[in-house]
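Residue strings, one per chain:
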There are 2 protein chains.
Amino acid sequence: MKTSRPIALVIHGGAGLMRRSTFSKDKEKIHRDGLTEALRAGYSLLEEGYPALDAVEAAIRTLEDNPLFNAGKGAVFTHDRKNELDASIMDGRSLKAGAVGSVTIIKNPITAARLVMEQSPHVFLTGKGAETFAKKMKLPLVKNSYFATQVQLDDLKKVQAREKAIEEKLKRHPNAKASPHQPTKLGTVGAVAIDYLGNIAAGTSTGGTVNKRYGRVGDTPLIGAGTYAKNGVVGISATGDGEYFIRAVAAHEIAALMEYKGYSLERAQKEVIHHRVGKLGGTGGVIGIDSTGKIAMNFNTPGMYRGWVGADGKINTAIFGKS
Amino acid sequence: MKTSRPIALVIHGGAGLMRRSTFSKDKEKIHRDGLTEALRAGYSLLEEGYPALDAVEAAIRTLEDNPLFNAGKGAVFTHDRKNELDASIMDGRSLKAGAVGSVTIIKNPITAARLVMEQSPHVFLTGKGAETFAKKMKLPLVKNSYFATQVQLDDLKKVQAREKAIEEKLKRHPNAKASPHQPTKLGTVGAVAIDYLGNIAAGTSTGGTVNKRYGRVGDTPLIGAGTYAKNGVVGISATGDGEYFIRAVAAHEIAALMEYKGYSLERAQKEVIHHRVGKLGGTGGVIGIDSTGKIAMNFNTPGMYRGWVGADGKINTAIFGKS
């Protein structure tokens, strides 16, 4: 199976306000451990010759199962105190893709997305319909409460208390300037891999934004916005203010700059994060692997949970701006 | 208000199996009349100096209200005999966008999409949540039965009878080759406009595919797939096998080929329809206007309902391959 082509894997666990100065050693350790576990799950498959798609799915499943990250178990709460999950995956070889949106009882949304891609004529299934499909595919289902964690419930309560305070203030002073909603965490998890055959795959999974309502869907399940992969070009997974990544068609824009303007992965990511998403007012980050196996990660937030294994086969993790 | 910049409007009412040989004169006339009515609604606004966004919304509302087209009233039925509608709109000036997915009681989904863009911090709202938002915005709501037409119900029955026959056949002969599901109509409506100020807008609205299930969402509400607009580059609206347009990130791919590879609108549309969507196995069409006001329409189906008003201010409509 092994050829001279390099294998590589890069993952993220969300971009956000993580700063070394406010991070305890314990908190840092458990997050780095979580990232390491996901890298091991994915990279061991690549080493054994499995396709990039399998590595992406395995890494993301591990992050979904880990309550520390905003995807699967540990997802943020909606306005109505539920967990609603989105995920997507794309195969750079066939340009096939699958996604699920607003699902509430599928234990691993990334696996559901892969089944949509491989076992249905569709790309994007949503809500109860997606769950009916998952049942038919015999995917493990859970109660919605499975995804709930106290940390996220506390976060929702904080955000809702703040929202209420702003509403009260606006009632008393209709012209008062209310500072906009500040998400405390721009969580999403994602992975990009390239296998021995040069096949690239990318996937992303999320609980969305805390306190979301109105059936809001972000960039995560949208092919071209949160996830994109094309053999010979690049694989991309994004995290951040989903709305800005949709408007910038961020993942596909990076691919287009590389394919049509000859940008390197690094330059294309920087252009899109700082000058497209950033210029529109959005924050977040992207990870990616180009067709030679080169890895890049860029973000305009203080930190981004991330990890990678490149040509040297060594596991690396990082959280803050410079490490 | 009037300057030397040209205004232009192009619309489509879906691509599909329309052939002159099987079209009655009456059927041709009512479709051309429907397209003309939508062009008038949109173009009169452009002439009066209203923004491209208003023209796009007005043209699409007219097509949504017309039972002949698969959007709003006259939408195709889902597997469960309901009408579930998707729409999106994008403003090329601000790169703001709005979309609704799987809505069932909003009379004009394109207007809901515009309100998501202008009155919410979100881009994409779905299902009951989107309807709650629409209620809050005081948008006209209707019963789901408002959208139903006998023609579409008959079509669903035909498709479901065929599906059942295939299932029976497969029960008797498990290895029989069942021909894949053939949608009878690749319906969607869409519009692209450029106003006196050079602002470009694009929008798309649809009932999706007949007999759809599992909360399937196509390319129509996905920014970059079914709809995209960027001032100085292009506005695009697509129609066809949504899954292939998502995988090709079709609308944004056309924009990228123009912006980064210097393709003309015509060449970029042909590349994407024939060599991207087409190569993946998909059929459909796209309409667009470039930053100089030039209009192009391309499709790989026998026909596409379409209409346009260019620099000469004359209303044109066409249905078949060559007229």
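Residues numbered from 1 in each chain as written. Chains lettered and ligands numbered in written order. Predicted model: local features only at pLDDT ≥ 70, side-chain atom pairs only at ≥ 80, totals over all residues. Heavy atoms only, no water.

1. Here's the deal with the overall build of chain A
In plain terms, the rule: Only DSSP runs of H or I reaching four residues or more are called helices, and only runs of E reaching two or more are called strands; each is numbered from the N terminus. Relative accessibility thresholds used throughout: buried, under 20% of the residue-type maximum; exposed, over 50%; partly exposed, between the two (1.4 Å probe, protein chains only). Residue contacts follow a heavy-atom distance rule, with two residues in contact if any of their heavy atoms lie within 4.5 Å. For accessible areas, the Shrake-Rupley method is used with a probe of radius 1.4 Å. Any residue's cover is judged against the shown protein chains and nothing else. His is not counted here, nor are the chain ends, while Lys and Arg score as positive and Asp and Glu score as negative. Every charge is mapped to an atom, namely NZ of Lys, CZ of Arg, CG of Asp or CD of Glu.
When helices and strands are counted, chain A shows eight helices and 13 strands. By its C-alpha atoms, chain A is 70 × 45 × 40 Å across when sized along the principal axes. For chain A, the residues scored as buried account for 63% of the 323 residues in total. Across chain A, the fraction of contacts at a sequence separation of at least 24, relative to all contacts at a separation of at least 6, is 69%. Carbon and sulfur atoms form 52% of the exposed surface of chain A, whose accessible area is close to 12500 Å². Charge-centre separation for chain A: the mean point of 45 positive side chains lies 4 Å from the mean point of 31 negative side chains.

2. Focus: the environment of Tyr244 of chain A
Residues and elements named next belong to chain A. Note that Tyr244 resides in helix 6 (residues 242–247). Its relative accessible area of 25% is what places Tyr244 among the partly exposed residues. The contact partners of Tyr244, leaving out residues within four places of it in the chain, are Val277, Leu280, Gly281 and Gly282.

3. Re the sheet that holds strand 7 (residues 216–217) of chain A
Convention followed: Strand pairing is assigned whenever DSSP detects at least two bridges linking the two strands.
Strand order in the open sheet formed by nine strands is 7(A)-4(B)-3(B)-2(B)-6(B)-5(B)-1(B)-12(B)-13(B), and the pairing between neighbours is mixed. On the outer flanks of this sheet lie strand 7 of chain A together with strand 13 (315–318) of chain B, each paired with one strand and no other. Direction of pairing for strand 2 (residues 85–91) of chain B relative to strand 6 (residues 200–206) of chain B: antiparallel, over a ladder of six bridges. What sits directly across from Asp86 of chain B, in strand 6 of chain B, is Thr206 of chain B.

4. Focus: the sheet that holds strand 9 (residues 234–240) of chain B
Residue and element names in this part refer to chain B. Note the following rule: A fitted line through C-alpha atoms serves as each axis, taken over the contacting stretch for helices, and the angle formed by two N-to-C directions is quoted from 0 to 180°.
Taken together, four strands build an open sheet; the order of strands is 8-9-10-11 and the sheet is antiparallel. In this open sheet, the two edge strands, each paired with only one partner strand, are strand 8 (227–230) and strand 11 (295–299). Each neighbouring strand pair of the sheet contributes to a mean axis angle of 10°, computed without reference to strand direction. Relative to strand 9, strand 8 runs antiparallel, the two being bridged by four bridges.

5. Some details on the packing of helix 2 (residues 52–65) of chain B against helix 3 (residues 109–119) of chain B
All names here are of chain B. Inclusion rule: Relative orientations are named as follows: roughly parallel for angles under 35 degrees, roughly antiparallel for angles over 145 degrees, roughly perpendicular for angles from 65 to 115 degrees, and oblique for any other angle. Any residue outside Ala, Val, Leu, Ile, Met, Phe, Trp, Tyr, Cys, Pro, Asp, Glu, Lys and Arg is labelled polar, Gly included; the first ten of those are nonpolar and the last four are charged.
One can describe the packing of helix 2 onto helix 3 by two numbers: an axis separation of 8 Å at closest approach and a directional angle of 150°. Classed by the angle they form, the pair helix 2 and helix 3 counts as roughly antiparallel. Contacts between helix 2 and helix 3 involve Leu53, Asp54, Glu57, Ile60, Arg61 and Glu64 from the first element and Pro109, Ile110, Thr111, Arg114, Met117 and Glu118 from the second. Grouping the amino acids of the contact of helix 2 with helix 3 by side-chain chemistry returns five nonpolar, one polar and six charged.

6. Thoughts on the packing of aromatic side chains
What counts here: Aromatic rings from Phe, Tyr and Trp, taking only the six-membered ring of Trp, are treated as a pair when their centres fall within 6.5 Å; an angle between ring planes under 30 degrees marks them as stacked, one over 60 as edge-to-face, and anything in between as tilted. Lysine and arginine charges are scored as sitting over a ring when NZ or CZ, respectively, is within 6 Å of the ring centre and within 35 degrees of the ring normal.
Under the criterion given, the structure shown has ten aromatic pairs over all chains. Here the aromatic rings of Phe23 of chain B and Phe320 of chain B are separated by 5.2 Å at their centres, their planes lie at 85°, and the arrangement is edge-to-face. Of this pair, Phe23 of chain B sits in the loop between strand 1 (8–16) and helix 1 (25–47) while Phe320 of chain B sits in the segment after strand 13, placing them 297 residues apart in sequence. Pair check on accessibility: Phe23 of chain B and Phe320 of chain B agree, each one buried. Ring-pair connections join several aromatic residues into one group, and the members of that group are Phe23, Phe69, Tyr305 and Phe320 of chain A. Against the face of Tyr263 of chain A rests Arg267 of chain A, its NZ or CZ located 3.8 Å from the ring centre. Above the face of the Tyr146 of chain B ring, Lys73 of chain B is positioned so that its terminal group lies 4.8 Å from the ring centre.

7. Some points on the interface of chain A and chain B
Note the following rule: The buried area of a pairing is the accessible area, by a 1.4 Å probe, that goes missing from both parts when the two are put together, added over both. A side-chain nitrogen of Lys or Arg and a carboxyl oxygen of Asp or Glu constitute a salt bridge if their distance falls within 4 Å. By the criterion applied in these results, polar contacts are pairs of N or O atoms within 3.5 Å in which, for protein atoms, one can donate a hydrogen and the other can accept it, and in which residues neighboring in sequence qualify only through two side-chain atoms.
Taken together, the contacts link 40 residues of chain A with 40 residues of chain B. Summed over both sides, the interface between chain A and chain B buries roughly 3300 Å², with carbon and sulfur atoms accounting for 62% of that surface. Considering only the surface of chain A that becomes buried against chain B, Tyr214, Arg247 and Tyr260 of chain A emerge as the three largest contributors, covering 25% of it. Between the two partners, chain A and chain B, sit zero salt bridges. One can count 21 residue pairs in polar contact (both at pLDDT 80 or more) joining chain A with chain B. Contributions of two or more residues to the side of chain A that touches chain B are made by strand 3 (96–103), strand 4 (124–126), helix 4 (127–136), strand 7, strand 8 (227–230), helix 6, helix 7 (250–261) and helix 8 (265–280) of chain A. For the side of chain A that touches chain B, the leading source of residues is helix 7 of chain A, giving six residues. Grouping the amino acids of the side of chain A that touches chain B by side-chain chemistry returns 21 nonpolar, nine polar and ten charged.

8. Examining the packing of helix 7 (residues 250–261) of chain B against helix 8 (residues 265–280) of chain B
Residues and elements named next belong to chain B. What counts, and what does not: Crossing handedness follows the turn of the near helix against the far one: under a right angle anticlockwise gives a left-handed crossing, and clockwise gives a right-handed one.
Two numbers describe how helix 7 lies on helix 8: the axes approach to 9 Å, and their chain directions differ by 135°. Accordingly, the angle class assigned to the pair helix 7 and helix 8 is oblique. Remark: the crossing between helix 7 and helix 8 carries right-handed chirality. Between helix 7 and helix 8, the contacting residues are Ala250, Glu253, Ile254, Leu257 and Met258 on the first element and Leu265, Ala268, Gln269, Glu271, Val272, Arg276 and Val277 on the second.

9. With respect to the side chain of Asn70 of chain A
Looking at where Asn70 of chain A falls in the secondary structure, it is placed in the loop between helix 2 (52–65) and strand 2 (85–91). Looking at Asn70 of chain A, its side chain comes within polar contact range of the main-chain nitrogen of Val76 of chain A, at 2.9 Å.

10. So, the pattern of salt bridges
Residues and elements named next belong to chain A. Per the counting criterion, the structure on display carries 29 salt bridges over all chains. Note that Arg216 is salt-bridged to Glu243, the shortest N-O span being 2.8 Å. On the criterion of sequence distance, the pair formed by Arg216 in strand 7 and Glu243 in helix 6 is long-range, its members being 27 residues apart. Just as Arg216 is buried, Glu243 falls in that class too.

11. Concerning the side chain of Asn83 of chain B
In this structure, Asn83 of chain B sits in the loop between helix 2 and strand 2. Not counting the four nearest positions on each side in its chain, Asn83 of chain B is found in contact with Ala75, Val76, Phe77, Val103, Thr104, Asn144, Phe147 and Ala148 of chain B.

12. So, the relation of the copies chain A and chain B
Superposition of the two copies of the chain requires a rotation about an axis and a shift along the axis. Rules: Alignment of the copies relies on least squares applied to C-alpha atoms, considering only residues that score at least 70 for pLDDT in both.
Aligned on chain B, chain A shows an RMSD of 0.0 Å; the corresponding rotation is 180° and the shift along the axis is 0.0 Å. The two molecules are tied by a two-fold rotation axis, judged by turn and shift. The residues that chain A uses at the interface reappear at the interface of chain B in 100% of cases, marking a shared surface.

13. A closer look at helix 5 (residues 150–172) of chain A
Going by this rule: Expected helix span is computed as 1.5 Å times (number of residues minus one).
For helix 5 of chain A, spanning 23 residues, the distance from its first C-alpha to its last is 33 Å, which sits close to the expected 33 Å at 1.5 Å a residue. Of the positions making up helix 5 of chain A, those classed as buried are Gln152, Leu153, Asp155, Leu156, Val159 and Gln160 of chain A.

14. Let's talk about the confidence of the model for chain A
The criterion, for reference: One confidence number per residue, pLDDT, is output by the predictor and ranges from 0 to 100.
When pLDDT is averaged along chain A, the result is 93, and 95% of the positions lie at 70 or above. In the predicted complex, the global pTM is 0.95; the interface-specific ipTM is 0.94.

15. Notes on unusual backbone geometry
All names here are of chain B. The phi torsion at Ser102 lies on the positive side, around 55°, for a residue other than glycine. Along the chain, the position of Ser102 falls in strand 3 (residues 96–103). Unusually for a residue other than glycine, Tyr214 sits at a positive phi of about 60°. By the element assignment, Tyr214 lies in the loop between strand 6 and strand 7 (216–217). Its relative accessible area of 15% is what places Tyr214 among the buried residues.

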